[in-house]
Amino acid sequence: LLTSPLLPLLLFVMIYDDYNFCALGRSLILQTCRVEFLKRLPQALHLFDQKTARYRLLPPLIVQLQDESLAVFALPTVLCIAATLDNQDFEQTLSGVFTSMMDASRPAAITYVMLKNLDMLARKGSANFKRQALMPMLLRCLDSRDSRLQQLAVKQITEVCLNAPECLCKADVMLVYFSII
């Protein structure tokens, strides 16, 4: 085997595979570190002032929302920051992002996190945002095969209607209730 003309090719393949394995290991470690960082960021968010969170943390987190594997971990922090924004800032910076996050092609875990924050989204969003994003998401949740999403959607709709009836248009809520029946 040592005198074989295939030896250089064999060594090249071994070195190349080792390099790919190391690169794969590094990317896996970086991905794991990024996930752990995003998981712990909501607990550390109080350490930042509102301006820093809005202008320094929010833009990179919005970029992380585009990655399917990281969106579930970045979304709670984005929602925490969104709760501190006024309605105009929310509409300018996050309305479009959340509209794309409520798309039907997104994983159920993202929809579940969005449903948990329905009250805040209903208070901050404009009427157009509610009609184009919130109501279709609620209807998809009620029509879902996942019973957890259905139960949470019904619970959140009733809580929003009882606590802040002005947040959702009565006609839209009636549409959702008629879809249940």
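How each quantity is defined
Residues numbered from 1 in each chain as written. Predicted model: local features only at pLDDT ≥ 70, side-chain atom pairs only at ≥ 80, totals over all residues. Heavy atoms only, no water. Helix = DSSP H or I, 4+ residues; strand = E, 2+ residues; numbered from the N terminus. Contact = heavy atoms within 4.5 Å. Areas by Shrake-Rupley, 256 points an atom, 1.4 Å probe, with all protein chains shown as cover. Core = buried A, V, L, I, M, F, W, Y, C linked by side-chain atoms within 4.5 Å. Buried < 20%, exposed > 50% of the residue type's maximum accessible area, 1.4 Å probe, protein only. Expected span 1.5 Å × (residues − 1). Bend = angle between axes of the 7 residues up to and from the residue. Polar contact = N/O pair within 3.5 Å; in protein donor to acceptor, adjacent residues only side chain to side chain. Salt bridge = Lys/Arg side-chain N within 4 Å of Asp/Glu carboxyl O. Phe/Tyr/Trp six-rings, centres within 6.5 Å; stacked < 30°, edge-to-face > 60°.

Across its full length, the chain carries ten helices and zero strands. Ordering the α and β elements of the chain from the N terminus gives α-α-α-α-α-α-α-α-α-α. Contacts in the chain between residues far apart in sequence, at least 24 positions, make up 65% of those at least 6 positions apart. Looking at the chain as shown, the accessible area adds up to about 11200 Å², and 62% of this sits on carbon and sulfur atoms.

Our focus in this paragraph is the nonpolar core. Side chains of nonpolar character tend, in soluble globular proteins, to be buried together. Core analysis: the biggest nonpolar cluster contains 46 residues, and L75, L94, F98, M101, M102, M114 and L121 have the highest contact counts within it. Elements represented by at least two residues in this core include exactly α1 (7-44), α2 (50-64), α3 (68-84), α5 (95-101), α6 (108-116), α7 (118-124), α8 (127-142) and α9 (147-163).

Relative to the 21 Å expected for 15 residues at 1.5 Å per residue, α2 spans 20 Å between its end C-alpha atoms, a close match to the ideal helical length. For α2, the principal kink sits at L58 and spans about 45 degrees; a proline, P59, occurs within the next four residues. For α2, the complete set of buried residues consists of A53, R54, L57, L58, L61, I62 and Q64.

Turning our attention to the side chain of Q156. Along the chain, Q156 falls in helix α9. Engagement of the side chain of Q156 in a polar contact is seen with the backbone oxygen of K116, the distance being 3.3 Å. Beyond its immediate sequence surroundings of up to four residues, Q156 is in contact with L115, K116, N117 and L118.

Our focus in this paragraph is the environment of Q50. Relative to the assigned elements, Q50 resides in helix α2. Sequence spacing of Q50 and L85 is 35 residues, and the spatial spacing of their C-alpha atoms is 8.6 Å.

This part takes up the pattern of salt bridges. Scanning the entire structure with this criterion turns up five salt bridges. For R148, the salt bridge identified is with D146, shortest N-O distance 3.9 Å. Classification of R148 by relative accessible area gives partly exposed; the value is 48%. D146 sits in the partly exposed class, given a relative accessible area of 24%. Salt bridges linked by common partners bring E36, K39 and R40 together as one network.

With that settled, the discussion passes to the side chain of K124. Counting through the fold element by element, K124 comes out in helix α7. Reaching out from K124, the side chain makes a polar contact with the backbone oxygen of A83 at a distance of 3.2 Å. Beyond its immediate stretch of four places on either side in the chain, K124 contacts A82, A83, T84, L85, D86, N87 and F90.

Counting across every chain of the model gives two aromatic pairs. Relative to F98, the ring of F90 lies with its centre 5.7 Å away and its plane at 40 degrees, an arrangement referred to as tilted. Exposure class is identical for F90 and F98. Each is buried. The interplanar angle of 85 degrees and the centroid separation of 5.8 Å between the aromatic rings of F90 and F129 together place this pair among those described as edge-to-face. Of this pair, F90 sits in helix α4 (residues 87-93) while F129 sits in helix α8, and the two are 39 residues apart along the sequence.

Moving on, we come to the environment of C80. With respect to the secondary-structure elements, C80 resides in helix α3. Take C80: its relative accessible area is 33%, and that puts it in the partly exposed class. Along the primary structure C80 and A53 are separated by 27 residues, whereas in three dimensions their C-alpha atoms are 9.7 Å apart. Ignoring sequence-local partners within four residues, the contact set of C80 consists of P42 and L45.

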